[in-house]
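Breakdown of the fold
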There are 2 protein chains.
Amino acid sequence: MNQPPTIGDVRVAAARLSGRILRTPLLTSPELDEHAGSRVLIKAESLQKTGSFKFRGAMNKLLCIDQNSANGVVAFSSGNHGQAVAAAARELGMPAVIVMPVDAPRIKVEKTAEYGADIRFYDRRRDDRVAMASKIAVERNATLVPSFDDPYVIAGQGTLVLETLEQAAHFGVPPRVLIAPCGGGGLIAGCGLAFLEAVPSGSVYSVEPAGFDDTARSLVTGIRQRNVPDAHSICDALLIDQPGALTWPINQQNLSGGVVVTDSEVQAAMGFAFRALKLVVEPSGAVALAAVLQRKIKLTGTAVIVCTGGNVDPDTYARAIV
Amino acid sequence: MNQPPTIGDVRVAAARLSGRILRTPLLTSPELDEHAGSRVLIKAESLQKTGSFKFRGAMNKLLCIDQNSANGVVAFSSGNHGQAVAAAARELGMPAVIVMPVDAPRIKVEKTAEYGADIRFYDRRRDDRVAMASKIAVERNATLVPSFDDPYVIAGQGTLVLETLEQAAHFGVPPRVLIAPCGGGGLIAGCGLAFLEAVPSGSVYSVEPAGFDDTARSLVTGIRQRNVPDAHSICDALLIDQPGALTWPINQQNLSGGVVVTDSEVQAAMGFAFRALKLVVEPSGAVALAAVLQRKIKLTGTAVIVCTGGNVDPDTYARAIV
């Protein structure tokens, strides 16, 4: 399947993943509503297996690989996709090699190792991680599991919106707006598909860290933009060069706009999540929360924000919450 | 109503609180199951309004006070009950005075003030907080809201077990064991009533911090025991002198045993919740988790643990997670 995924693929993924993923809670907070100036529902994917939404897409992809193959899987990842592939592979009895940057958060490296994966390190500035992972995949006759530019991965991530819409029905007010973090755009591509199918007049916004706002600029110019190579951000899971070849056309069609947040706005959101929501949210997982706390999007109805992950080192976390 | 509460009172409380409290999630974690050596379900009451289960009992009590009374409510509390009474009073348009220790966690004092309460401080060693609060209640003709020794408060706390049992049904394995923190014993009294009514052959265990194990020792001796006056613990919400007059007979009848955990075991549990569960849990809220991580209770079936609260100062939290 090299075609872009459809809402049908998201539904098939949801059925395939049933019983294998956690149904993460949709939370509300009177304090958040007050700060955001609107009703906000929080999809807490930080509480998913492996501490991020990435388990959905990874497990969906792995379930579609020939189960008789003993050659396993290879992935490159700053950490959350790597953990997800490692954990899904362990559940399915497949070997996994994960290619990670040497400066990945310690917790992400440790947890990937705990899931039994073979870890190979690369340097973000010098090495070509795609070439490294592809070479390993060829040598081992293993399957490469892309972190976003894959229809099974995108469809898997979209399942979180199907859950969210069911859960939101209990709150009485159907959501009008979906706001989610954006790196390569796999999450928001899958979620956008599922959200707009259910809420055709709704809006979907991507949120990126400053310096890595390639999707926001691509949406404005209509052409895929790249980030400058020497940008820095604490959002280690969103440091992508440019929108994906498969994700970009979907996102170009579905997104109402791209929002950008600074590192200090992200730290403030992590502190808010600590103080008011009692959720451990990593920097990349807090960008949508930061966007609503800073009122960067004019909300005209109930919004859903996705808190995507909680894998953060204690010292990074302590600096954000004090 | 000066009689001990019954399961009927818990059911009435659940109906009364419907729509006023949050339905907190019941979470699972493969990593916790592995560490505990058994299936464990986590009732995350840290995600309740005001960041602790105390909102249930406080709101239930306040809803039973004459709503026409403009004289409001008075409570004494180390912080979580105070926040709960303040927030419930604000929702119902009642004035609230909260008597708090000067060494209460800063976050608890700040949040109680944010909910609009009038705060009065006392010294844990020198002042009689009961006398202080009673005097204020008499002067203002206000209603004193006890933190545990009250049938409406106990019944309100018990509602979390009714929710838990409904949620656990989705997991397919009915719980056999309930494990919850114990200070004055209001939470575990209400929860024990509701749990044993549904699971008559089940077991209920209280968990207390070392130095404040009055309930554990009372269960062994059959007589209410006091703690020594100069004991210390980081579990600021569980520093009670002795079991309550109303809670003790209920707990004496219902508890299978009392477990004790040390401060370092509590810190390890807070770190586990940070790393593996992605939940912010305060010291007092982590004692049941500490008990299962340390395997202090022999589990013969699925256990429910209550993570009761998440109101912790950043510096205390940072020390626990590093």
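Below: a short report on this structure. If you're wondering where the values come from, they're calculated on a predicted model, not measured in any experiment. (Residues numbered from 1 in each chain as written. Chains lettered and ligands numbered in written order. Predicted model: local features only at pLDDT ≥ 70, side-chain atom pairs only at ≥ 80, totals over all residues. Heavy atoms only, no water.)

1. Considering the environment of Ala155(B)
Residues and elements named next belong to chain B. Our working rule: Labels follow the DSSP assignment, with helices taken as runs of H or I lasting at least four residues and strands as runs of E lasting at least two, numbered in each case from the N terminus. For every residue, the accessible area (1.4 Å probe, protein chains only) is compared with the maximum for its type, and the residue is labelled buried under 20%, exposed over 50%, or partly exposed between those bounds. When checking whether two residues touch, look at their non-hydrogen atoms; a contact exists if any pair is within 4.5 Å.
Position of Ala155 relative to the elements: it lies in helix 7 (residues 151-169). Residue class for Ala155 comes out buried when judged on its relative accessible area of 1%. Spatially, the C-alpha atoms of Ala155 and Thr6 are 7.6 Å apart, while their sequence positions differ by 149 residues. What Ala155 contacts, discounting residues up to four positions off in sequence, is Pro5, Asp9, Val10, Ala13 and Asn60.

2. Structural notes on the sheet that holds strand 8 (residues 203-209) of chain B
All names here are of chain B. Rules: If DSSP finds at least two bridges between two strands, the strands pair. Axes, fitted as lines to C-alpha atoms, cover a helix only where it is in contact. Angles between the N-to-C directions of the axes lie from 0 to 180 degrees.
Spatially, the six strands line up as an open sheet ordered 1-2-10-7-8-9, and their pairing is mixed. Because the sheet does not close on itself, it has two edges, and the strands there are strand 1 (26-27) and strand 9 (257-261). Here five bridges tie strand 8 to strand 9, and the two strands are oriented parallel to one another. In the strand pairing of strand 9, Ser206 is matched with Gly258. Its contacts with the sheet place helix 8 (residues 186-198) against strand 7 (177-181) and strand 8, and it is angled at close to 170 degrees to strand 7.

3. Focus: the packing of aromatic side chains
Note the threshold: Stacked, tilted and edge-to-face pairs are distinguished by plane angle, under 30 degrees for stacked and over 60 for edge-to-face with tilted covering the rest, among Phe, Tyr and Trp rings (Trp via its six-membered ring) whose centres lie within 6.5 Å.
Applying the stated criterion to the full structure yields five aromatic pairs over all chains. Between Phe274(A) and Tyr317(B), the ring centres sit 5.2 Å apart and the planes meet at 55 degrees, which makes this aromatic pair tilted. In this pair, Phe274(A) is assigned in helix 11 (residues 263-277) and Tyr317(B) in helix 13 (residues 314-321), connecting two distinct chains. An aromatic cluster is defined as three or more aromatic residues linked by ring pairs; in this entry it consists of Phe274(A), Tyr317(A), Phe274(B) and Tyr317(B).

4. Considering the relation of the copies chain B and chain A
Using the following cut-off: Least squares is the method for superposing the copies, and the C-alpha atoms it fits come from residues with pLDDT of at least 70 in both.
Of the transformation placing chain B onto chain A, the axial shift is 0.0 Å and the rotation is 180 degrees, giving an RMSD of 0.0 Å. On this basis, the relationship between the two copies can be described by a two-fold rotation axis. Counting the interface residues of chain B, we find that 100% of their copies in chain A are interface residues as well, pointing to one common contact surface.

5. With respect to the interface of chain B and chain A
Cut-off, in case you're wondering: Summed over both partners, the accessible surface that disappears when two parts come together, traced with a 1.4 Å probe, is what is meant by buried area. A pairing counts as a salt bridge when a side-chain nitrogen of Lys or Arg comes within 4 Å of a carboxyl oxygen of Asp or Glu.
Contacts between the two partners involve 32 residues from chain B, matched on the other side by 32 residues from chain A. Across the interface of chain B and chain A, roughly 2400 Å² is buried in total on both sides, 64% from carbon and sulfur atoms. When the buried surface of chain B facing chain A is broken down by residue, Phe274(B), Arg275(B) and Lys278(B) rank first, second and third, together holding 29% of it. Our count for the contact surface shared by chain B and chain A stands at four salt bridges.

6. Examining the environment of Lys108(B)
Residues and elements named next belong to chain B. On the secondary structure map, Lys108 appears in helix 5 (residues 106-114). Looking at Lys108, the relative accessible area reads 0%, which means it is buried. With 63 residues separating them along the chain, Lys108 and Glu45 place their C-alpha atoms 16 Å apart. Not counting residues up to four positions away in its chain, the partners in contact with Lys108 are Ser78, Gly79, Asn80, Gln83, Met100, Asp236, Ala237, Glu282 and Asn311.

7. Points about the pattern of salt bridges
Residue and element names in this part refer to chain A. Overall, the coordinates contain 42 salt bridges over all chains when judged by the stated rule. With a closest N to O distance of 3.1 Å, Lys135 and Glu139 form a salt bridge. Placement of the pair is Lys135 and Glu139 together in helix 6 (residues 129-140), with a separation of four residues, close to one helical turn. A relative accessible area of 54% means that Lys135 is categorised as exposed. Take Glu139: its relative accessible area is 56%, and that puts it in the exposed class. Measuring nitrogen to oxygen at the nearest pair gives 2.8 Å for the salt bridge that ties Glu265 to Lys296. Placement of the pair is Glu265 in helix 11 and Lys296 in the loop between helix 12 (287-293) and strand 10 (303-307), with a sequence separation of 31 residues. By relative accessible area, Glu265 is classed as buried at 15%.

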